[in-house]
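Report on the structure
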Amino acid sequence: MKDTVTLITGAARGIGLATATLFHAEGRRVVLLDRDAEELATAAATLPGALSVTCDVSIPKQVAQALTEVEQSCGRLDILVNNAGVADFGPLAETDFARWRRVMDTNLDGVFLMSQACLPLLSARGGAIVNIASISGLRASTLRIAYGTSKAAVIHLTKQQAAELGEVGIRANCVCPGPVNTKLALAVHSPEIRAAYHDAIPLNRYGTEREIAEVICFLASERASFVTGQVVASDGGFDSTGVGLPALRT
Ligand SMILES: NC(=O)c1ccc[n+]([C@@H]2O[C@H](COP(=O)([O-])OP(=O)(O)OC[C@H]3O[C@@H](n4cnc5c(N)ncnc54)[C@H](O)[C@@H]3O)[C@@H](O)[C@H]2O)c1
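Right, let's walk through the structure included here. (Residues numbered from 1 in each chain as written. Predicted model: local features only at pLDDT ≥ 70, side-chain atom pairs only at ≥ 80, totals over all residues.)

**Overview of the site of the ligand**
Of all residues adjacent to the ligand, which total 30 residues, the nearest are G10, G14, G85, T182 and L184. Contributions of two or more residues to the shell around the ligand are made by α1 (14-25), α4 (97-125) and α7 (183-188). Looking at the shell around the ligand, its residues break down into 12 nonpolar, 11 polar and seven charged. (Near = placed C-beta within 6 Å. Helix = DSSP H or I, 4+ residues; strand = E, 2+ residues; numbered from the N terminus. Nonpolar A, V, L, I, M, F, W, Y, C, P; charged D, E, K, R; others polar.)

This is how it looks when you write it as C-alpha cells:
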C-alpha cells in the first residue's frame, strides 16, 4: 500500500483535503491537485511527502500538464478522486449560459477530462476512480438547475466508467455527500436552508468532511475490490426519506 499513489482533485480544502489526509494517514502517497495555488501550498505543507499540482480540471491543457507532472514525479497512479466542484444556486430564469457553463466546466467536464487523462496510468496496474457527486444529483430541488444537473450527470458518468473500465481492472464508484460545513456550503446555504436541512435529515445534522472521506477511502481501497458502478449517499439518511416535514417529527 505504501507504494500506491492517490490523486485527489480540489484537495486544497474541505472534503478533498480531508480525503487526502486520510489516504496519507493510511500510508499512501498522495497528490493534491487544485486551481487555488496559495491554499494548495498551505494544505500540502501539512502532509509530508505529498506532491502538489496546481491545475484547473476544466482546462484540457492544464490537465495534460498535470498528468505529465504526476508521471514524472510518481511513475504510477492507483486511485483518482474527482472531488473538485463548484456550487452556484439559482433558478432557471436567472441562470444564464455563462453561469450554467461555469458549473458544468468544473463539475462535469472536469471529471471527464481528469478521468480520461489518468486512464493510461490507472490501467497500467488496475485502479480505482471515486467521483464526488451530491445528494443534489439524486434528488431534484429548487435552485439546483445547473448544480443538480451536473451532479446527476456525474452519477451516470460513473456508471459509464464502471461499464467500460472493468475490463482493464479499473473500478469506478460515486459518493453523494449530504450537506457538510465547507466553504462551498457556507457560500450557498442560507440560515433558512440550514434549518430546513436539519429537519429533512434523519440524523438531524450536517456531516463532517471526515465522514465523507471515510466512504471515499473505503470505495477506493482493496476492501471494496468487488464494488464498482455504485452510488453511495453519505448524507445522514436524506436520500432515503421522502417526506421530511418538520411537523411529522415526534
Ligand atoms: N459541502 C457540501 O455540503 C457538499 C455536498 C454535496 C457535494 N459536495 C461536493 O463535494 C466536493 C467538494 O466540495 P467541498 O464542500 O469540499 O468544497 P470546497 O469549496 O471547500 O472545496 C472545493 C475545492 O475544489 C477546488 N476547485 C474548484 N474548482 C476547481 C477546478 N476547476 N479545478 C481545480 N480545483 C477546483 C477549490 O479551489 C477548492 O479547493 C464538490 O464536488 C462538491 O460539489 C459538497
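**Some remarks on the packing of α1 against helix α9 (residues 209-220)**
At a minimum axis separation of 8 Å, α1 and α9 run at an interaxial angle of 55°. Here α1 is positioned oblique relative to α9, judged by the angle of their axes. Note that α1 runs across α9; the crossing there is right-handed. For the pair α1 and α9, contact is made by G14, I15, A18, T19, L22 and F23 and by E209, R210, I212, A213, E214, I216 and C217, respectively. Here the residues of the contact of α1 with α9 are counted per class, giving eight nonpolar, two polar and three charged. (Axes fitted to C-alpha atoms, helices over the stretch in contact; angles between N-to-C directions. Parallel < 35°, antiparallel > 145°, perpendicular 65-115°, else oblique. Left-handed = near helix turned anticlockwise from the far one by under 90°. Contact = placed C-beta atoms within 7 Å.)

**What about unusual backbone geometry?**
Its identity is not glycine, yet L143 carries a phi of approximately 70°, on the positive side. Within the secondary structure layout, L143 lies in the loop between α5 (135-138) and α6 (145-165). Given 18 C-beta atoms within 10 Å, L143 falls into the partly exposed group. Look at N204: it is not a glycine, yet its phi comes out positive at around 60°. Considering the arrangement of structural elements, one finds N204 in the loop between α8 (191-200) and α9. C-beta crowding within 10 Å serves as the criterion here: with 12 such atoms nearby, N204 is assigned to the exposed category. (Buried ≥ 20, exposed ≤ 12 C-beta atoms within 10 Å, placed from the backbone.)

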